[in-house]
Amino acid sequence: MPLALAHEFGMGQGGIAAFALAGAAGALMAPIAGRLADRGLTRPATGVAIAVALFSFVLGAVAMHYHSLAGLVAAGILLDGAVQLCQVLNFRSLFMLAPELRGRLNGLFMTFIFICAAVASGIAAAVYAFHGWSGLCLLGGGYVLVALLYYATEFRRSAAPAAVGG
């Protein structure tokens, strides 16, 4: 995003920082995610968050096409909110597996997140350099589409009849 803001909108560091601050509004999803999880709505909330993330990439592509900074801000807020929602729901599910191992699980989870984010950032910079904003939106949307397809498999597994043991 900073590269696009600098190249397409002529923003400097101050403008890019203000844009990033607007995207931080997605952090407001954390308490909402906690309440949804407490009500047993982890699975449907995850699906909604993934769908919103996919929509945010579409919105981001359209916003850049029309050179709409407001559209990009909306896409950023939606994407950050969707990611925040998924992360809190994932943390809760992970911690319920073994509450006595929360510290270790948290460390492993955050290490995995950091490594994936670092790799994705490198790939994203290369994609932006060679394919521009549209290529970047296709890449991000593609990642989210894979997550959505995996999410859809969860329903097939839970709908399958339980094996009868003997």
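Residues numbered from 1 in each chain as written. Predicted model: local features only at pLDDT ≥ 70, side-chain atom pairs only at ≥ 80, totals over all residues. Heavy atoms only, no water.

## Details of the overall build of the protein chain
Here is step 1: Within the protein chain, the regular secondary structure consists of six helices and zero strands.
Here is step 2: Secondary structure elements in the protein chain, listed N-terminal to C-terminal, are α-α-α-α-α-α.
Here is step 3: Oriented by its inertia axes, the alpha-carbon framework of the protein chain measures out at about 65 × 30 × 30 Å.
Here is step 4: Buried residues in the protein chain amount to 28% of all 166 residues.
Here is step 5: In the protein chain, the share of contacts with a sequence separation of at least 24, taken over all contacts with a separation of at least 6, comes to 66%.
Here is step 6: With an accessible surface of roughly 10200 Å², the protein chain has 72% of that area assigned to carbon and sulfur atoms.
Here is step 7: Charged side chains of the protein chain number 8 positive and 5 negative; the gap between the two group centres comes to 10 Å. (Helix = DSSP H or I, 4+ residues; strand = E, 2+ residues; numbered from the N terminus. Buried < 20%, exposed > 50% of the residue type's maximum accessible area, 1.4 Å probe, protein only. Contact = heavy atoms within 4.5 Å. Areas by Shrake-Rupley, 256 points an atom, 1.4 Å probe, with all protein chains shown as cover. Lys, Arg positive; Asp, Glu negative; His and termini not counted. Charge placed at Lys NZ, Arg CZ, Asp CG, Glu CD.)

## Considerations on the state of the cysteines
Here is step 1: Taken as a whole and judged by the stated rule, the model has zero disulfides.
Here is step 2: You can see Cys-116 has no disulfide; the closest cysteine sulfur is in Cys-86, sitting 14 Å from it.
Here is step 3: Judged by its relative accessible area of 36%, Cys-116 is partly exposed.
Here is step 4: There is no disulfide at Cys-137, and the cysteine sulfur nearest it, in Cys-86, is 19 Å away. (Disulfide = S-S within 2.5 Å.)

## Considering the pattern of salt bridges
Here is step 1: One pass over the full model with this rule turns up two salt bridges.
Here is step 2: Residue Asp-38 pairs with Arg-92 through a salt bridge whose shortest N-O separation is 3.3 Å. Of this pair, Asp-38 sits in helix 3 (residues 29–38) while Arg-92 sits in helix 5 (residues 69–97), and the two are 54 residues apart along the sequence.
Here is step 3: A salt bridge links Arg-43 to Glu-154, with the shortest nitrogen-to-oxygen separation between them at 3.9 Å. Of the two residues, Arg-43 is situated in helix 4 (residues 42–65) and Glu-154 in helix 6 (residues 102–159); the sequence distance between them amounts to 111 residues. (Salt bridge = Lys/Arg side-chain N within 4 Å of Asp/Glu carboxyl O.)

## Notes on a nonpolar patch on the surface
Here is step 1: Residues Phe-55, Val-58, Val-62, Tyr-66 and Leu-78 make up a contiguous nonpolar surface patch of roughly 480 Å² in combined accessible area.
Here is step 2: Ranked by residue count, the leading element in the nonpolar patch is helix 4, at three residues.
Here is step 3: With respect to the helices and strands, the residue Tyr-66 is situated in the loop between helix 4 and helix 5.
Here is step 4: According to the relative accessible area criterion, Tyr-66 is exposed, its value standing at 62%. (Patch = residues over 30% accessible without salt bridge, like charges linked within 9 Å, V, L, I, M, F, W, Y side chains within 5 Å.)

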